[in-house]
Each structure stands twice: as structure tokens, then as C-alpha cells.
Amino acid sequence: MPSEIPRMKREMSRYSVFAVAREAFRDHQGWTRAWGSPEPKRKYDVIIIGAGGHGLATAYYLGKNHGIRNVAVLEKGWLGGGNTGRNTTIIRSNYLQDPSAAIYEKARSLYEDLSQDLNYNVMFSPRGVMMLAQTEHEIRGYKRTAHANALQGVATEFISPARVKQLCPIMEIRGPRYPVLGALWQPRGGTARHDAVAWGYARKCSEMGMDIIQKCEVTGVRSQGGKVVGVTTSRGDIDCDKLGVVVAGHSGHVADMAGFRLPIESVALQALVSEPIKPCMDVVVMANTVHGYMSQSDKGEMVIGGGTDGYNNYTQRGSFHHIEETVRALVETFPMISRLKMLRQWGGIVDVTGDRSPILSKTPLENCFINCGWGTGGFKAIPGSGWGMAELMATGYSPLTEAFGLDRFSEGRFIDESVAAGVAH
Amino acid sequence: MLILKCPYCGVACDETELHAGGEAHLTRHGPGSSDADFEEYLFMRENPRGVHFERWRHVYGCGKWFHAARDTATLEVFGTYSAQVAEPPKDVRAAITAKVPGWRWRDLS
Ligand SMILES: Cc1cc2nc3c(=O)[nH]c(=O)nc-3n(C[C@H](O)[C@H](O)[C@H](O)COP(=O)(O)OP(=O)(O)OC[C@H]3O[C@@H](n4cnc5c(N)ncnc54)[C@H](O)[C@@H]3O)c2cc1C
Ligand SMILES: [Zn+2]
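Residues numbered from 1 in each chain as written. Chains lettered and ligands numbered in written order. Predicted model: local features only at pLDDT ≥ 70, side-chain atom pairs only at ≥ 80, totals over all residues.

## A few points about the UniProt feature "domain: Rhodanese" (unreviewed entry) in chain A
Here comes step 1: The sites that carry the UniProt feature "domain: Rhodanese" (unreviewed entry) are, in the present numbering, residues 46-90 of chain A.
Here comes step 2: Secondary structure across residues 46-90 of chain A comprises 31% helix and 20% strand; the distance between its end C-alpha atoms is 30 Å. (UniProt positions renumbered as here; feature names shortened; annotations may be inferred. Helix = DSSP H or I, 4+ residues; strand = E, 2+ residues; numbered from the N terminus.)

## Some remarks on the packing of helix α2 (residues 53-66) of chain A against helix α7 (residues 194-207) of chain A
All names here are of chain A.
Here comes step 1: Their axes nearest at 9 Å, the elements α2 and α7 cross at an angle of 35°. Crossing of α2 against α7: the hand is left-handed. Within the contact between the two elements, α2 uses G53, L56, A57, A59, Y60 and G63 and α7 uses V197, A198, Y201, A202, K204 and C205.
Here comes step 2: Classifying every residue of the contact of α2 with α7 by side-chain character gives nine nonpolar, two polar and one charged. (Axes fitted to C-alpha atoms, helices over the stretch in contact; angles between N-to-C directions. Left-handed = near helix turned anticlockwise from the far one by under 90°. Contact = placed C-beta atoms within 7 Å. Nonpolar A, V, L, I, M, F, W, Y, C, P; charged D, E, K, R; others polar.)

## Quick word on unusual backbone geometry
Here comes step 1: In this chain, A:G175 is followed by A:P176 through a cis amide linkage whose omega measures 15°.
Here comes step 2: Mapped onto the fold, A:P176 is located in the loop between α6 (161-167) and β6 (182-186).
Here comes step 3: Unlike most non-glycine residues, A:D27 shows phi in positive territory, near 50°.
Here comes step 4: The residue A:D27 is located in the loop between α1 (17-25) and β1 (43-49) in this model.
Here comes step 5: A:D27 gets classed as exposed once you count the C-beta atoms within 10 Å, which come to 7.
Here comes step 6: Positioned with a positive phi, B:R106 is a non-glycine residue whose angle comes to about 45°. (Buried ≥ 20, exposed ≤ 12 C-beta atoms within 10 Å, placed from the backbone.)

## Some details on the pairing of strand β4 (residues 51-57) of chain B
Residues and elements named next belong to chain B.
Here comes step 1: With five of its seven residues buried, β4 lies for the most part within the structure.
Here comes step 2: Two elements, strand β3 (residues 19-23) and β4, share three bridges in a ladder whose sense is antiparallel. Its bridge partner lying in β4, H19 is registered against R57.
Here comes step 3: Of the pairings in the sheet, the one linking β4 to strand β5 (residues 65-71) comprises seven bridges and is antiparallel in character. Counted as the bridge partner of F53 is A69 from β5. (Pairing = 2+ DSSP bridges.)

## Topic: helix α8 (residues 251-258) of chain A
Residue and element names in this part refer to chain A.
Here comes step 1: By the burial criterion, the buried members of α8 are S251, G252, V254, A255 and A258. Projection of α8 onto a plane perpendicular to its axis shows the buried side chains occupying an angular sector of 165°, all on one side.
Here comes step 2: Each element contacted by the buried residues of α8 is listed here: β1, β9 (218-224), β11 (236-245), β12 (264-274), β16 (342-353) and β18 (368-372).
Here comes step 3: Residue G259 follows α8 closely and has a positive phi angle near 85°. (Arc of directions from axis to C-beta.)

What follows is the structure in C-alpha cells.
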């Protein structure tokens, strides 16, 4: 049994230009740890399983917006080591359906001043995201999305091939197979530093007195009379009043422990980066017809991603032929990358639902909530998802998450983004 | 790279020759069934980390559908078998038990 130990003293220095100057004069000896490494207590008001972006953001807004601070976030590996630390960091909110636009735009707008809010530089870079239209259908589809976005209050526009070329000169817009016919352009979309998002939330949670417990795998969910009472972990039993399951690709596995089923399948999604080169592209480009997307990191690497593997997989590595397909597709539109050496490749296990929309919901087990199904595109949603999930867990209702309940599958009330977002991002 | 043996033409095919068809042995609930059954058939999935049964199609070969038993955590293949059965045959289940004692999938073990 875990024993009660005195609470760690958590004094974290504020990051600022003055702190940098002060530390410069004392050999950087004064920096404190960004988050604690506590032993688990016997009981918490709320336990969150999974210290990815969504789990940490949920904990943060539970504390910040609802004053619930007796919270533990349990992580089987290291924080941010799941999909949050493996994604290609595209942030956009140009979705088709109203509930999606609401939660993704909430997230995008929170990203705008997240660095200030967290006092941690998440390097949000609203450099603009363009989704290329390379078929007649895509032109129609994206014009429709642009109109929907106008009604939803999301700033996007459909732009001409000439404007595409102007925004991204390294692009070959004339084909041969798939000429660029226009693009859906979201000027305030962009990227952020993925690790920093996880670290920034973790630091604030720790500062509020929450326990982030790494290397602590949940192996069972305990319940009494249809209500959750706690979890079994690799570091002993821990009790809780409320449980949030936020484990992305492992959702099916953890739901199984809690005794319910999910409309989710876990598949591998890969990404790769090239050797670093000089700045040549200051927007994010997604080409959904040919299944590839690319941006340039601050280090100069071209960051490339494509589609998922077709079959269930938990190995965090994907198939070689998918890399080949992605790169082959992109070489046509970006001929200059044909000479680039690729530095490394990796995979993550993403949780895909039937309508390609997430699940933020109560579950058949009382006081147990789930946040999953973000699949290939949940990094962009982290702040909004945490905001809504915290509200749902604290009060039982959130307008942001209402449409994303598990019941939508039996009611046939889908939030169909599979057509709107044909590619993985 | 995943390699599955097509039970019809006997070819050991790599995954580029195949199309993954999702979870095996689903009961097709149609008109007249309950909402819960229909949801189960359309959306609910087993999604195990471990032993799994799937449908695959030999698209760039004989074109036929077949079944495969696989481990999603190790990518090990336990066997492939005909599409014309409603549950995995005994020899495939025995092959799994030999490697993963105590496995379970739905109500099979
Ligand atoms: C290659 C790739 C590229 C992507 N590109 C983009 C993109 O450009 N833009 C975008 O918006 N999204 C993108 N995504 C999707 C995005 O990464 C995810 O949707 C998002 O990071 C999910 O965050 P999460 O917090 O839900 O999950 P994770 O970050 O995976 O966190 C879940 C955590 O739960 C832990 N866990 C699991 N089981 C247990 C257990 N039993 N006990 C304790 N802990 C457990 C895991 O170790 C993990 O750390 C991409 C994903 C991949 C793989
Ligand atoms: Zn065959």
C-alpha cells in the first residue's frame, strides 16, 4: 500500500526575461524542477489516466476553472511520451461540422495565448495552414467548408492557385498528375512545440499541487455498485471519486478493464523528418488527395506525415510502404524534396472512431469519464478538449463536449468529419 | 512488413498485396434488429492489444477474402483460414494457445 508522505514543497520560479538575466549571473544554479515526482497518495478526488496533452490539460482546467486540485495524473511511461510527443503539430480549426468547429476553434484560440497562460513557451506559430484542392471534388468540398466556417466564426478562405504559389513558392502547382486548383487557407492556423505543450501543462498542474505520477501503469479499474472507486496500478491501489480515462490508442484496452466497449480501433500513424535545410517554407501545406502534408520546423527539418496503416496495431511502428507512398505523393508537389535525405521516422498508435470525431463522454460506469478518439488529429485540440473535459467531469455537462457523447453511435447522430478531413494530421 | 499466407492460392503475400478488412466474425444485424445490436455491428469493435481475428482480402492476387489470426502487440501471425467459417478453426486456436496461453477474444479462448 502506498503510504502518506508529506507533500512536497513546490515552489517554482516564474520564467521571465528577468529570471534569465538573474540566472546568467549565478551560473544557472537557481532553476527549480519544472514538476515534482511524488509518491502516490491513497486517495484523490480525481484521477486522470494518461499524461498526454489531453490528460494534462484536463487536470489543468479542473484546477484552474473548477478549483479541483486534489488530482493525480497517472502515466505508464513518461509524460508526453505518447502521441503528444510524436505528432507533427499541425493546428487548425477549419472543420465542417458545427460541434467540431466549436471545440477545435476553442482550442486554437486558447493556443493563441497559451504561452502567457502557462508561463511556458509553447512556441505557437500561427503561420497559416493551407489544404490543397487537387480535384474538382475538393474544390467544391473546401468551398463548402469555407462557407460553413464563415457561419461558425472561423476565419478561413478559399484561395486561388496563384495565391497558393505566392504563399508557398517551392510548390509545383501545375501537376502533372494533380495540379493545384486552389486551397482552403486558414491564416491563424499553424504549429506549436508538442513537448512544450505537455511540459507547460504539467508544470502548472504540479504548481497547483497536483501529482503527476510517471512510470505508473493502470492495470485495473475498481468499481462498487456500478460506480468507480479507484484503480489498480503498478504502484499499488489508488482510490478516487472520479476517474478520467485519457489514453488515446490504449482506450480500448483500459475500457475493457472498466467493463465497457468502445467504437474505436487503434492503428499506427507515422511521420518523418528530413535533414535540416535553410528556411524555404513558412506555411503548413496539406495535400489530402495524394495523402501527404509538410511543414518546416524551426530547426529546418521538413516535417512530413501521411496516412495511417490499414490494420490494428499497437507496436508504435508502421509499414515502410506507407512512408514511400507519402514521400512519392509529396515529391510531385514539392520537387525540391526529391534530393533531401530523411533523418528519422517514428510511429504512434492513434484511436480512430467510425465518424472520425472524438469521444468526450460519460461512460456506462458511473463517475468514470472518457476522452479519446482524437485519432490522427488531436494535438490541435488539446486546450479545448481539456477545457470541455474538465467542465464535464466537474459539473456533469459541457456545451463543448455535449455532441461528442458515446450515445451518438446508437442514436445515429454522427459528427462526420471523415469526408471533410480525408487525411491524417 | 506484415506477411500473410493466402489460404486459397497458398501465396505468402506481403501487406502491399492485401487489403485489411477489419474485425472478423461480426454478426450482420440488419433491418428489424434492435438499436443496440445495430450499433454493435456497425461501430463497436474488439480492438485488443494482443490476439485478434481479422478479415483480409488478397486484392492483388486471387481477389478472395480470407481470415487471419494475429497479435496486434507483436505483429506475430498465428495462421490464416477460410472466409467461409463463422469462428476460427480448432487448429488455429491451438496454435494461438501454444504461443499465448490464456488468450481470450470475445467469448473465445
Ligand atoms: C505521427 C503522428 C502525427 C500526428 N500529427 C498530428 C498533427 O499534425 N496535428 C494534430 O492535431 N494531431 C496530430 N496527431 C494526433 C495527436 O498526436 C493525438 O491526437 C494527440 O496527441 C492525443 O493526445 P492524448 O493526450 O489523447 O494521447 P497521448 O499523448 O498518446 O497520451 C496518452 C497517454 O496515456 C498513457 N497510457 C496509456 N495506457 C495507460 C495505462 N494503462 N496507464 C497509465 N497510462 C497509460 C500513454 O503512455 C500516453 O502517454 C498525430 C499523431 C501521430 C501519431
Ligand atoms: Zn490468394
